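The residues making up each chain are set out below.
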Amino acid sequence: MRTLRVELGERSYPIYIGSGILDSIGELSRKHGISVKSPQLIVTDDKVAPHYLAQVEQALVSEGYSVVTHTVPSGESSKSLQVYEEVMTTAIRGKLDRSSAVFALGGGVVGDLAGFVAATYMRGVTFVQIPTTILAHDSSVGGKVAVNHPLAKNMIGAFHQPAMVLYDVDTLKSLPPREVSSGLAEMVKHGLILDRDFAYWCREHAEELLALVPETLIYGLERGCAIKADVVSKDEREGGLRAILNLGHTIGHAIEAVGGYGRFLHGEAIAIGMAGSAKLAGMLGRDQSLYAETVGMLQALNLPVTLPADIKVEDIMDAMQHDKKFAEGRMVFIVPEAIGSVSIVKDVPVDAVRTVVEQLKGEVNT
Ligand SMILES: NC(=O)c1ccc[n+]([C@@H]2O[C@H](COP(=O)([O-])OP(=O)(O)OC[C@H]3O[C@@H](n4cnc5c(N)ncnc54)[C@H](O)[C@@H]3O)[C@@H](O)[C@H]2O)c1
Ligand SMILES: O=C(O)C(=O)C[C@@H](O)[C@H](O)[C@H](O)COP(=O)(O)O
Ligand SMILES: [Zn+2]
């Protein structure tokens, strides 16, 4: 087992990564001071539960914990106020108290939802992340927790850091191929924003990553987590720098909302968004070759880079108005400067963005 750290002063925490470490959750919970006298809540979804819920529950029970569980339907639609209320009801009926913890066992949907419950139950209790998707190397680190509003992604949320992240890479073996690619979109994003060598490494090792070759996958997840942890440590609440983690997300979140939170996976939507950002970079005078380079990396990971013909440009433009980076009426975009380097550009012309979205629809995959 390897340990990375997210350095945030008194809110610092470890990310444990390894193979076959799920059973350590009870012991680690004790080590992190989670009380055996209070009930604990595991939140998971109905695709993850049959594989891993009993094991995690047993690991906690064998250390003396009493456990309540709540299983939500799998998929983005569970990041809703309605499901949030249902989980809250389980927490209240289960008599969780201020010394209880909420354990998120699953991907980013369960992590964001359970994290928002943890952030708000009795005004905040301990939160533990047990990620089970590749994408969750991103979502389990950094403390952004939220549910969606039908009009906009992650609109109702908080910053609430976990006490620890326990990442057992063996759980990834049961992921469907489409989810593998979706998760790799965030991995290559970490390279595209800050680490040129890592971005090219992702492309060169695409086949091994898609095939879940253990050493390759573990390296990719560790590097991705380390980049994310470093950014979060420098700017926990997105005062500035942290916005770079949003590469591709302005267009991507709009695509998810227009698709009704289910048609596109998060990683698919942000892959299209990252292709769009590279196109925008060319329009704003940056290196024209960035688009082809970016698209090549995304396609190597079996990710989409174009919008289906039935998606309406104006629907995407409308949905983008709710981006959280917008302030004082200004369109803010994360714009690639080179592979491995981005800048935060304020006042991006709306017409340039509309042209990008139109071209994302018209483009033939190259
Ligand atoms: N908080 C953050 O910083 C952050 C960062 C990135 C993404 N996100 C959010 O994360 C969400 C996407 O996360 P995701 O891609 O993990 O989605 P997800 O949680 O929906 O998981 C993807 C699918 O895989 C299934 N699954 C999960 N683990 C499995 C396993 N081990 N074996 C088999 N099936 C498994 C799930 O049931 C689901 O159907 C989005 O809502 C996105 O907005 C948040
Ligand atoms: O952690 C961050 O900061 C990110 O931007 C990571 C993103 O991958 C993630 O999708 C995040 O939830 C987006 O945040 P939002 O503030 O744009 O909702
Ligand atoms: Zn994301």
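Predicted model only: the values in this text are computed from it and were never measured. (Residues numbered from 1 in each chain as written. Chains lettered and ligands numbered in written order. Predicted model: local features only at pLDDT ≥ 70, side-chain atom pairs only at ≥ 80, totals over all residues. Heavy atoms only, no water.)

## Describing the overall build of the protein chain
Then, number 1: Along the backbone of the protein chain there are 14 helices and 11 strands.
Then, number 2: A globule of 366 residues ought to have a C-alpha radius of gyration of about 21 Å, and the protein chain, at 20 Å, matches this closely.
Then, number 3: Oriented by its inertia axes, the alpha-carbon framework of the protein chain measures out at about 60 × 40 × 40 Å.
Then, number 4: A total of 366 residues make up the protein chain; the buried ones form 60% of that total.
Then, number 5: A separation of at least 24 residues holds for 76% of the contacts in the protein chain among residues at least 6 apart in sequence.
Then, number 6: Within the protein chain, the 44 negative side-chain charges are centred at a point lying 5 Å from the centre of the 34 positive side-chain charges. (Helix = DSSP H or I, 4+ residues; strand = E, 2+ residues; numbered from the N terminus. Rg over C-alpha atoms; globule rule 2.2 N^0.38 Å. Buried < 20%, exposed > 50% of the residue type's maximum accessible area, 1.4 Å probe, protein only. Contact = heavy atoms within 4.5 Å. Lys, Arg positive; Asp, Glu negative; His and termini not counted. Charge placed at Lys NZ, Arg CZ, Asp CG, Glu CD.)

## Comments concerning the UniProt feature "domain: 3-dehydroquinate synthase C-terminal" (unreviewed entry) in the protein chain
Then, number 1: Per the UniProt record, the feature "domain: 3-dehydroquinate synthase C-terminal" (unreviewed entry) sits at residues 183-325.
Then, number 2: The annotated region residues 183-325 carries 66% helix and 0% strand content, and the separation between its end C-alpha atoms amounts to 23 Å. (UniProt positions renumbered as here; feature names shortened; annotations may be inferred.)

## Observations regarding the packing of aromatic side chains
Then, number 1: This model, assessed by the stated rule, comprises four aromatic pairs.
Then, number 2: Ring geometry for F198 and W201: centres 5.6 Å apart, planes at 20°, overall stacked. One end of the pair, F198, and the other, W201, are both in helix α7 (residues 196-204), three residues apart, so they sit about a helical turn from each other.
Then, number 3: When its relative accessible area of 1% is taken as the criterion, F198 is described as buried. (Phe/Tyr/Trp six-rings, centres within 6.5 Å; stacked < 30°, edge-to-face > 60°.)

## Describing the pairing of strand β11 (residues 341-345)
Side-chain positions along a regular strand alternate between the two faces of the sheet.
Then, number 1: Both strand β10 (residues 333-338) and β11 contribute to a ladder of five bridges, which runs antiparallel. Paired with F333 across the two strands is V345, which belongs to β11. (Pairing = 2+ DSSP bridges.)

## Looking at helix α11 (residues 266-283)
Turn by turn, an α-helix covers 3.6 residues, leaving residues three or four places apart pointing in a common direction.
Then, number 1: Taking 1.5 Å of rise per residue, the 18 residues of α11 would be expected to cover 26 Å, and the 25 Å separating its terminal C-alpha atoms lies within 8% of that figure.
Then, number 2: For α11, the tally of buried residues reaches 17 of 18 residues, placing the bulk of the element in the interior.
Then, number 3: Residue G285 follows α11 closely and has a positive phi angle near 95°. (Expected span 1.5 Å × (residues − 1).)

## A closer look at the site of ligand 1
Then, number 1: In the vicinity of ligand 1, 25 residues are found, and the nearest of them are D45, E76, T133, K153 and S174.
Then, number 2: Within the side chain of S74, a nitrogen or oxygen atom sits 3.4 Å from an oxygen atom of ligand 1.
Then, number 3: Measuring from an oxygen atom of ligand 1, one finds a side-chain N or O atom of K228 at 3.2 Å.
Then, number 4: About the coverage of ligand 1: the protein hides 94% of its 860 Å² of free accessible area.
Then, number 5: Secondary-structure elements contributing two or more residues to the shell around ligand 1 are α4 (108-120), α5 (136-139) and α6 (177-194).
Then, number 6: In terms of residue count, the dominant contributor to the shell around ligand 1 is α4 (three residues).
Then, number 7: Along the lines of polarity and charge, the residues of the shell around ligand 1 split into five nonpolar, nine polar and 11 charged. (Near = heavy atom within 4 Å. Polar contact = N/O pair within 3.5 Å; in protein donor to acceptor, adjacent residues only side chain to side chain. Areas by Shrake-Rupley, 256 points an atom, 1.4 Å probe, with all protein chains shown as cover. Nonpolar A, V, L, I, M, F, W, Y, C, P; charged D, E, K, R; others polar.)

## Let's talk about the coordination of the zinc ion (ligand 3)
Then, number 1: Looking at the metal site, the zinc ion (ligand 3) is ligated by E186 (OE), H249 (NE2) and H266 (NE2), spaced 2.0 to 2.1 Å from it.
Then, number 2: Read from N- to C-terminus, the donor residues coordinating the zinc ion (ligand 3) fall into the pattern E-x62-H-x16-H. Of this pair, H249 sits in helix α10 (residues 249-258) while H266 sits in helix α11, and the two are 17 residues apart along the sequence. Here the two residues H249 and H266 agree in accessibility, since each one is buried. (Donors = N, O, S within 2.8 Å, 3.2 Å for Na, K, Ca; no water.)

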